[in-house]
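# Geometric and topological summary
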Amino acid sequence: MTGREDETAGQSADVERTFAAFPPARGRGFAVSWWGQAWLTALEESALDLQQLKAGRGLARAGAVGAVSVRPGRITAMVRGRDRTAHRADVLVEPLAEAQWERFLDMAVERAGHVAALLDREMPPHLVEDASVTGIDLLPGLGELEPECACGAWDHCEHTAALCYQVARLLDEDPFVLFLMRGRGEQALLADLQVRGDTASADAAPDSPASRARPGVDATEAYATGDILPPLPALPELPTEPGVPPSLDTEAAPGVPVVDPAALEVLAAGTAVEAHRMLAEALRDTPGTVSELTIAQDAVRLAAGASDAGVIERLAEGSGRGREGLETAVRAWRLGGEAALSVLDEEWQVEGEALARARAALESAWDEDERPPLRRDGNRWTAEEAPAQLRLGRDGRWWPYREEAGRWVPVGAPARDPATALAAAQPDGHRTDGTRDGEGP
């Protein structure tokens, strides 16, 4: 039984079941399972007025269908039409005769996969085909969905069409609804299958003649089931932000510490952020190439999201940076992630075409009489008259650095223009030409 139904206790619950109204279904299909899609096919191929089907879809999407009652041979619901008037809508399905049920049950237990799938609340595709061979049609065919509506329509109206579309959603959740419409409730069906299954198992004992005659399930047939399964559902939408991991219980009795709860919470939160980033990358139309972080880089990423002092201390030691070095690295990570961290750690020689482009950018960034004196060392240009520095990334962007307490630290986002980057690196009161505010040029 599904969590959506509200049914009475006792045996009557297996004869008639009532399912609460579904919420509006805007932006999604009515059927995901192949049996739900087969139900809709029977509706759409038998209805004469396609406009009524379209109107019914709209009503079902808007949540105009009330609670759905299902019993052998009939489904019923109150449906509010486009004029807001509520009508009782019924759709009739011919129940199977008792002899047909007997043949169906005998056929089902001969295939172990059929029973197993039904117990898992799934409808195995070959079950319908095998039943059809014995003269039993589980899914309704052309013209088998007979409408009755209080509005007086003689064919499917918008009210009965809306009910049928809603039943497709119901079948997705619980395929046993189909069996109930055909005349056999879930509890009775499973009980009959269990009885026949036990009998079949006894007949299939090693010393039983029946066991030597039973052929089993053909592997080729089982493999072919994949050809008639529905396509995979659409990719999920990207959540607006990473999920929040559950808070760990720290009230456990004291004992030998095996896991540090604070460290585990940091890892869980970091994993959620990384999973969100990876999903965003996978859902892009043209996914890019993301390099894998080293252990030292990943320690910085974790530290950027950590607040526990003990965890940060362990990351500082484990990364080999020390506390101050980790603080600087976290500062860089927050400014530009892996690219900013590479600029912090890596010093490389700018040569050839890259050096020519860098010199051209520096010459055009300032007028001749305003260009500050810079001293180059590798990919780093340090101002001679101010505690400021430019670092050139391999992508051609300039990163602003400032000297604080005897060490160089990143102080801003990168820029294509070296003058913009150097201005961001200037301490308060300094100008880009090396003089202080209030002094001459």
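Up top you'll find the structure we're talking about.
Reference entry: report on the structure contained in this document. Computed from a prediction, not measured in an experiment: that's the story for all the values here. (Residues numbered from 1 in each chain as written. Predicted model: local features only at pLDDT ≥ 70, side-chain atom pairs only at ≥ 80, totals over all residues. Heavy atoms only, no water.)

## Considering the nonpolar core
Put simply, the rule reads: To form a nonpolar core, buried Ala, Val, Leu, Ile, Met, Phe, Trp, Tyr and Cys residues must be joined to one another through side-chain atoms within 4.5 Å. Exposure classes here rest on a 1.4 Å probe applied to the protein chains alone. A residue is buried below 20% of its type maximum, exposed above 50%, and partly exposed in between.
Counting residues in each nonpolar core, the largest one holds 60 residues, and the members touching the most others are Trp-39, Val-70, Phe-104, Leu-138, Leu-163, Phe-179 and Met-181. In terms of nonpolar packing, the next biggest core, distinct from the first, is built from 23 residues, Ala-263, Ala-304, Ala-306 and Trp-399 among them.

## Comments concerning the sheet that holds strand S8 (residues 388-392)
Selection criterion: Note: two strands are recorded as paired if DSSP finds a minimum of 2 bridges between them. Only runs of H or I of at least four residues qualify as helices and only runs of E of at least two qualify as strands under DSSP, and these elements are numbered from the N terminus. Here the axes come from fitting lines to C-alpha atoms, over the contacting stretch only for helices, and the angles between their N-to-C directions go from 0 to 180 degrees. Should any heavy atoms of two residues lie within 4.5 Å, those residues are counted as being in contact.
Pairing within the open sheet is antiparallel, and its five strands lie in the order S6-S7-S8-S9-S10. Of all strands in the sheet, those bounded by a partner on one side alone are strand S6 (374-377) and strand S10 (407-410). Strand-to-strand twist across the sheet, computed as the mean angle between neighbouring axes with direction ignored, equals 30°. Direction of pairing for S6 relative to strand S7 (residues 380-383): antiparallel, over a ladder of four bridges. Bridge pairing in S7 places Asp-377 opposite Arg-380. Each of S6, S8 and strand S9 (398-404) is contacted by helix H16 (residues 418-425), which is oriented at about 25° to S9, the strand it contacts most.

## Here's the deal with the packing of aromatic side chains
What counts, and what does not: Working definition: rings of Phe, Tyr and Trp (its six-membered ring) pair if their centres are within 6.5 Å, and the pair is stacked with planes under 30 degrees apart, edge-to-face with planes over 60 apart, and tilted otherwise.
Across all of its chains, the model carries five aromatic pairs by this definition. Measuring from ring centre to ring centre gives 5.7 Å for Trp-101 and Phe-104, while their planes differ by 85°; the resulting arrangement is edge-to-face. Taken together, the residues span about one helical turn, with Trp-101 and Phe-104 both in helix H3 (residues 98-110) at a distance of three residues. Here Trp-101 falls in the buried class, since its relative accessible area comes to 1%. Take Phe-104: its relative accessible area is 0%, and that puts it in the buried class. Measuring from centroid to centroid gives 5.1 Å for Trp-381 and Trp-398, while their planes differ by 65°, and the two rings are edge-to-face. Of this pair, Trp-381 sits in strand S7 while Trp-398 is found in strand S9, placing the two residues 17 residues apart along the sequence. Since its relative accessible area comes to 1%, Trp-398 is described here as buried.

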